[in-house]
Amino acid sequence: MSASGEAAGAAAGYAPHPYIGGRTAALRALAAWRMRWPGAPRVVILTGSPGSGRSRLIAGFLMLCDPDYRKQLPLDGMDPATIPPDLPAPAVPNPRGLTSAQVTWLLADHLDLAAGRTADVFSELATREEPLTVVVPDVDLAGPVRAVDEPARLVREVLVPLAATPAVHLLVDVPRELAGELAGSLPRGQVQVVDLDEPEWADPEGLALQAETALAPEAGAPDLPFTTDPAARRALAEALARRANGSRLAVHLAVRSLFTHSEGFDPADEAQLPASVGEALDLHARRLGADPQTLRQMLAPLAFAEGDGLPVQLWRPLADAVAGRDMGQVIADGMLLAAPFVEPVEVPADEDADEETPGSADPAGAENAPGDADAAGSAVRTLVRLTHPALAAEIRSGTPDPRGAQTRIAMALLEAVPQQDWSRADRYVRDHLAGHTLDAGLLPQLLIDPGLFTHADPIKLRTAVEAVPLDQLGAPARTYLRVAPLLTRSGAPADMRAALLETAFVEDGLQPYAEALHGLGLELPWRTLWSLPLPGVVSVTTGVLPAPEAETGTEADPAAPGTARRPVAALVVPAGTPGAQPLPTADRPEAPASPEPPNPAEPPTGSAPTETPAAPEPPPSTALLLHDLLRPGYVDADPARVLRPSEEERAAAAYGFSRGADYLRVWARESGEVVTALISDSPFRDADLAPEGVLVVATERGVTARRILTPAPAPAPAAEAAGAAEAAPALPAQATAPTEAATTAAAQGRPHGPEGDHS
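Keep in mind that this is a model prediction, so the values were computed, not measured.

Rules used throughout
- Residues numbered from 1 in each chain as written.
- Predicted model: local features only at pLDDT ≥ 70, side-chain atom pairs only at ≥ 80, totals over all residues.
- Heavy atoms only, no water.
- Helix = DSSP H or I, 4+ residues; strand = E, 2+ residues; numbered from the N terminus.
- Buried < 20%, exposed > 50% of the residue type's maximum accessible area, 1.4 Å probe, protein only.
- Pairing = 2+ DSSP bridges.
- Right-handed = clockwise from strand over helix to strand, strands pointing away.
- Axes fitted to C-alpha atoms, helices over the stretch in contact; angles between N-to-C directions.
- Core = buried A, V, L, I, M, F, W, Y, C linked by side-chain atoms within 4.5 Å.
- Contact = heavy atoms within 4.5 Å.
- Salt bridge = Lys/Arg side-chain N within 4 Å of Asp/Glu carboxyl O.
- Left-handed = near helix turned anticlockwise from the far one by under 90°.
- Nonpolar A, V, L, I, M, F, W, Y, C, P; charged D, E, K, R; others polar.
- Polar contact = N/O pair within 3.5 Å; in protein donor to acceptor, adjacent residues only side chain to side chain.
- Patch = residues over 30% accessible without salt bridge, like charges linked within 9 Å, V, L, I, M, F, W, Y side chains within 5 Å.
- Areas by Shrake-Rupley, 256 points an atom, 1.4 Å probe, with all protein chains shown as cover.
- Lys, Arg positive; Asp, Glu negative; His and termini not counted.
- Charge placed at Lys NZ, Arg CZ, Asp CG, Glu CD.
- Phe/Tyr/Trp six-rings, centres within 6.5 Å; stacked < 30°, edge-to-face > 60°.
- Lys NZ or Arg CZ within 6 Å of the ring centre and 35° of its normal.

A. View of the overall build of the protein. Along the protein, the regular secondary structure elements total 31 helices and 17 strands. Expressed as a percentage of its 759 residues, the buried residues of the protein come to 50%.

B. View of the pairing of strand S2 (residues 132-136). Among the five residues in S2, five count as buried, and that is most of the element. Across the two faces of S2 the burial is the same, with Leu132, Val134 and Val136 and Thr133 and Val135 all buried. Note that S2 and strand S3 (residues 168-173) share five bridges and pair parallel. Bridging from a neighbouring strand, Val134 pairs with Leu170 of S3. With respect to chirality, the unit in which S2 leads through helix H6 (residues 150-163) into the neighbouring parallel S3 is right-handed.

C. Structural detail: the sheet that holds strand S14 (residues 674-678). Strand order in this open sheet of three strands is S12-S13-S14, and the pairing throughout is antiparallel. Taken across any chain shown, the strands that pair with only one partner, and hence form the sheet edges, are strand S12 (655-659) and S14. On average, each strand axis in the sheet is inclined to that of its neighbour by 20°, with strand direction left out of account. In this structure, S12 lies alongside strand S13 (residues 664-668), joined through five bridges in antiparallel fashion. Considered in S13, the bridge of Ser658 is made with Arg665.

D. The arrangement of the sheet that holds strand S6 (residues 342-348) in detail. An order of S5-S7-S6 is seen for the three strands of this open sheet, with the pairing classed as antiparallel. Single-partner strands in this sheet number two, and they are strand S5 (310-311) and S6.

E. Geometry of unusual backbone geometry. A positive phi is found at Asp138, a non-glycine position, where the angle reads about 50°. As for its position among the elements, Asp138 is in the loop between S2 and H6. Residue Asp401 is not a glycine yet carries a positive backbone phi of 55°. Along the chain, the position of Asp401 falls in the loop between helix H19 (389-397) and helix H20 (402-415). The class of Asp401 is partly exposed, set by a relative accessible area of 49%.

F. Main features of the nonpolar core. Ranked by internal contacts, the top residues of the largest apolar core, which has 96 residues, are Leu299, Trp315, Leu386, Leu664 and Val666. Per-element accounting of this core gives the leading share, nine residues, to helix H26 (residues 494-507). Leave out the neighbours within four places in its chain, and Leu386 touches Leu299, Leu302, Ala303, Phe341, Val342, Glu343, Leu391, Ala392 and Ile395. Formed by 35 residues, the second largest nonpolar core is a distinct cluster that contains Leu113, Ala142, Leu159 and Val174.

G. Representation of the pattern of salt bridges in the model. Scanning all chains against the criterion turns up 31 salt bridges. Here Asp326 ties to Arg316 by a salt bridge, and the two come within 2.9 Å at their closest N and O atoms. Placement of Asp326 in the loop between helix H15 (312-323) and helix H16 (328-333) and of Arg316 in helix H15 is noted, with a sequence separation of ten residues between them. What makes Asp326 exposed here is its relative accessible area of 52%.

H. Up close: the packing of helix H13 (residues 277-287) against helix H14 (residues 292-303). Relative orientation of the contacting elements H13 and H14 amounts to 115°, with a least axis distance of 8 Å. Remark: the crossing between H13 and H14 carries right-handed chirality. Taking contact as the criterion, the partners of Gly278, Leu281, Asp282, Ala285 and Arg286 in H13 are, on H14, Pro292, Leu295, Arg296 and Leu299. For the contact of H13 with H14, the class distribution of residues is five nonpolar, one polar and three charged.

I. How the structure looks around the side chain of Glu150. Among the secondary structure elements, Glu150 is positioned in helix H6. A polar contact is formed between the side chain of Glu150 and the side chain of Ser100, at a distance of 2.8 Å.

J. Region of the structure containing helix H24 (residues 458-466). Summarising burial for H24: seven of the nine residues are buried, a large majority. Within the span of H24, buried status applies to Pro458, Ile459, Leu461, Arg462, Thr463, Ala464 and Val465. Looking at the buried residues of H24, the elements they touch are helix H4 (100-111), helix H21 (427-440), helix H22 (443-446), helix H23 (450-455), helix H25 (475-490) and H26. Its side-chain oxygen placed 3.0 Å from the backbone nitrogen of Ile459, Asp457 serves as the N-cap of H24.

K. Summary view of the pairing of strand S8 (residues 526-532). Summarising burial for S8: five of the seven residues are buried, a large majority. As paired elements, S8 and strand S17 (residues 703-708) share six bridges and run antiparallel to each other. Note on S17: the bridge partner recorded for Ser531 is Thr704.

L. Up close: the environment of Asp333. Along the chain, Asp333 falls in helix H16. Residue classification places Asp333 among the exposed positions, given a relative accessible area of 56%. In terms of polar contacts, Asp333 uses its side chain to reach the side chain of Gln329, at 2.8 Å.

M. View of a negative patch on the surface. Residues Glu647, Glu648, Glu649 and Glu692 make up a contiguous surface patch of negative charge. Looking at the element boundaries, Glu649 is found in helix H29 (residues 647-652). The class for Glu649 is partly exposed, based on a relative accessible area of 37%.

N. Up close: the packing of aromatic side chains. Applying the stated rule across the entire model yields five aromatic pairs. Between Trp33 and Phe61, the aromatic rings sit 6.3 Å apart at their centres with planes inclined by 55°, giving tilted as the arrangement. Here Trp33, found in helix H2 (residues 24-35), pairs with Phe61, found in helix H3 (residues 54-65); they are 28 residues apart in sequence, far enough to count as distant. According to the relative accessible area criterion, Phe61 is buried, its value standing at 0%. Ring geometry for Phe453 versus Tyr480: centroids 4.9 Å apart, planes at 20°, classification stacked. Residue Phe453 is located in helix H23, and its partner Tyr480 is located in helix H25; the two are separated by 27 residues in the primary sequence. Residue Phe453 is classed as buried on the basis of its relative accessible area, which comes to 1%. For Tyr480, a relative accessible area of 1% translates into the label buried. Ring-pair connections join several aromatic residues into one group, and the members of that group are Phe453, Tyr480, Phe505 and Tyr513. The ring of Tyr19 carries Arg56 above its face, with NZ or CZ at 4.2 Å from the centroid. Lying over the aromatic face of Trp526, Arg706 brings its terminal NZ or CZ to 5.2 Å of the ring centre.

Scope: geometric values only; no functional claims are made or implied.
In structure tokens form, the structure reads like this:
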């Protein structure tokens, strides 16, 4: 429908959409897509310049698609061709702030797909015969880090395969620079591009109506000569729409500016009306007698801000950094100057704050979390942001040397970390400093601090680090990048993130970084004693080499080296491994199974306890390595001398453990409580837990030994423990890998981690 169609709709007496105020042609196209009329495209791509009203159009259309919300709209008076049929609401995976993987799993969760990998999501969708309607808004806002081009990745990795799925009917809002790529991936008859800047869809009359509605006192406008007089209001609305040349955002900012300060404004002078977003800024500053550059410097920290907004207390120091001068008085006196362009946003304080750590200060600061965190969880944290992303883009593009501005912002954020203690830093600093330094080209220099690795949001930090070429990353950053998928999938708190990182640093030979993590004031569940890069290990066993007197019956010299019992780890490795010895001829006894304690969160199944399958015998082409259990170093001794712990010794130990395909749990024997859990970026092959509390784990990567540091909880009362023991069967300590069917079933029931992929 062209502009003449818009006029025809108005002439027919139809009421406009109460939220959109026009866009009849575009709404008719979207309604036809939703109705799946013969000849209607299967994919509609909505695009246009920033500020053209794409988001508002999508939101208004979704109001019509929601079975409950549409009941609140005056459907009887609207153009029937703009009203989609009353069907179940479409799937709407909103990509704002999310990675492409997160968007994929958001869609998979909505559709209850039984996929275990990202590729499986699209494979499963391809088998569907029933039509599926999906609406993806605000693609330009995708990604947790602005400097990473996540919108382009979302188009290529998610939207292109989604659009190619025959059963999917897709409506997507994308920036113009990506619209052609998405449309070009589809046959011509299956896709329609609705460009809101094109005359066919521009709707200047609708823009004038939107401006007139915004100027009306009924909509909250103040009583001014050009708001209370209908003729003057209509004339000003038409002038605004004409001058703005289709920019909904320019009209919106102009109206807000007039409401903030109308003195000296002449509605008859169109030169006082903005033709662009940049002119809206400059005209407002001049009307208040301010330098437009001062206004832009004042708003620059908000334009460069990441995430949902900037904490109020950071606005002033970052403005000082960008401007290179003291902006305190400007900000204090400039609220009227900034008012049309900024808005507060409240986020729950409990979601914005990091995990509590012993002795750490409130990361948000008292002034940023008004109210008490009562039982209802009503405490909030107020951030401030610009009213539209296109406004931020305009300010950034007009900033001299934007990379230098980002560098100064990053330095100011670093100075805001109290004594370089990341646990006490503002949440914004911890989570978004990486994004600022990435944009400034300084991120590799930042990636040497274990405290930042521990306390920063893993998804945001991982996204930023992955954007740096690998050859520019130092060894600590490469280690972080290797373990980052574990951090993002698991949603682990800070202490567990530190523990996973500590092991990774030991595995990569970065012992000082591992030790630094133990100095952060966190209660790590373990200390990694040593690690071996032995990918072919078949099995691991713990034991002791007895003191000489225990074997000879003679008293040994206590001053002589090697005379005490020596805990060791016996590693069955492929034959030919350097330093390995032949296996003893005697059969090796199997390690007794340690039953997993009942899980109080799971209902009793009533089934009999499952027996631990016997570990397979090592193939004949294997050998044995002995390694000290408590410290790095191989042991040169006869393997036949190694004594395995007896069943009594194991039963008297403080801990037991159980293992699944991709996890390992350590639990206190007396209380039955899980004290820690272990996940790995490499599949488990075997594990053993020594009575000394040292856990030896073999993965496809190698072998590590961890001393469990978490104290074993006190046992539950006898009656309670007995009841729990009767309620659920015990599980085997070292279960072999589950069958494929069991793995699939577990994956279907397993929640997704914050990154979106399966934990």
